[in-house]
Amino acid sequence: MGMSGYIMDLEEEFFDTCAGFVKEAEHVSEAMNKAVALGKTEVPFLSIEHIEEGVAEMWNEYWSQYQ
């Protein structure tokens, strides 16, 4: 596995953790704040905007099941 594979694995693992934030949060901003805070140490190569967009997408997908 090359460096790009390693980075992709880190990103996938990070967003798997963020999915848990989405399920536990009462508002999307709560999940985003937790994800951004974790992202600073786990995936510093991702921008805040990228993290927030990913969490918003997961939020919409997850909670649309309950509408």
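Coordinates for the structure precede this section.
Throughout, a residue's number is its position along its own chain's written sequence, starting from 1. pLDDT decides what is reported in this predicted model: residues at 70 or higher carry local features, side-chain atom pairs at 80 or more are listed and counted, and totals for whole chains, interfaces and linings draw on all residues regardless. The side-chain quantities take in all heavy atoms of the structure and omit both hydrogens and water.

Draft legend 1. Region of interest: the nonpolar core. In this description, a nonpolar core means a group of buried Ala, Val, Leu, Ile, Met, Phe, Trp, Tyr and Cys residues linked to one another through side-chain atoms lying within 4.5 Å. For every residue, the accessible area (1.4 Å probe, protein chains only) is compared with the maximum for its type, and the residue is labelled buried under 20%, exposed over 50%, or partly exposed between those bounds. Counting 16 residues, the largest nonpolar core has Phe14, Cys18, Ala31, Ala35, Leu46, Ile51 and Val55 as its most contacted members. Counting residues per element, the ones that place at least two in this core are helix 1 (3–24), helix 2 (28–42) and helix 3 (48–63). Residue contacts are defined here by distance: any two heavy atoms, one from each residue, within 4.5 Å place the two residues in contact. Setting aside residues up to four positions removed in sequence, Ala35 forms contacts with Phe14, Cys18, Phe21, Ile51 and Val55. Secondary structure follows DSSP: runs of H or I at least 4 residues long count as helices, runs of E at least 2 residues long count as strands, and numbering of each begins at the N terminus.

Draft legend 2. Broad picture of the pattern of salt bridges. Note on definitions: salt bridges are taken to be side-chain nitrogens of Lys or Arg within 4 Å of carboxyl oxygens of Asp or Glu. In the structure shown here, the tally under the stated rule is one salt bridge. One salt bridge in this structure joins Glu30 and Lys34, with 4.0 Å as the shortest N-O distance. Of this pair, Glu30 and Lys34 both sit in helix 2, four residues apart, which is roughly one turn of the helix. Relative accessible area serves as the criterion here: at 31%, Glu30 is assigned to the partly exposed category. Judged by its relative accessible area of 35%, Lys34 falls in the partly exposed class.

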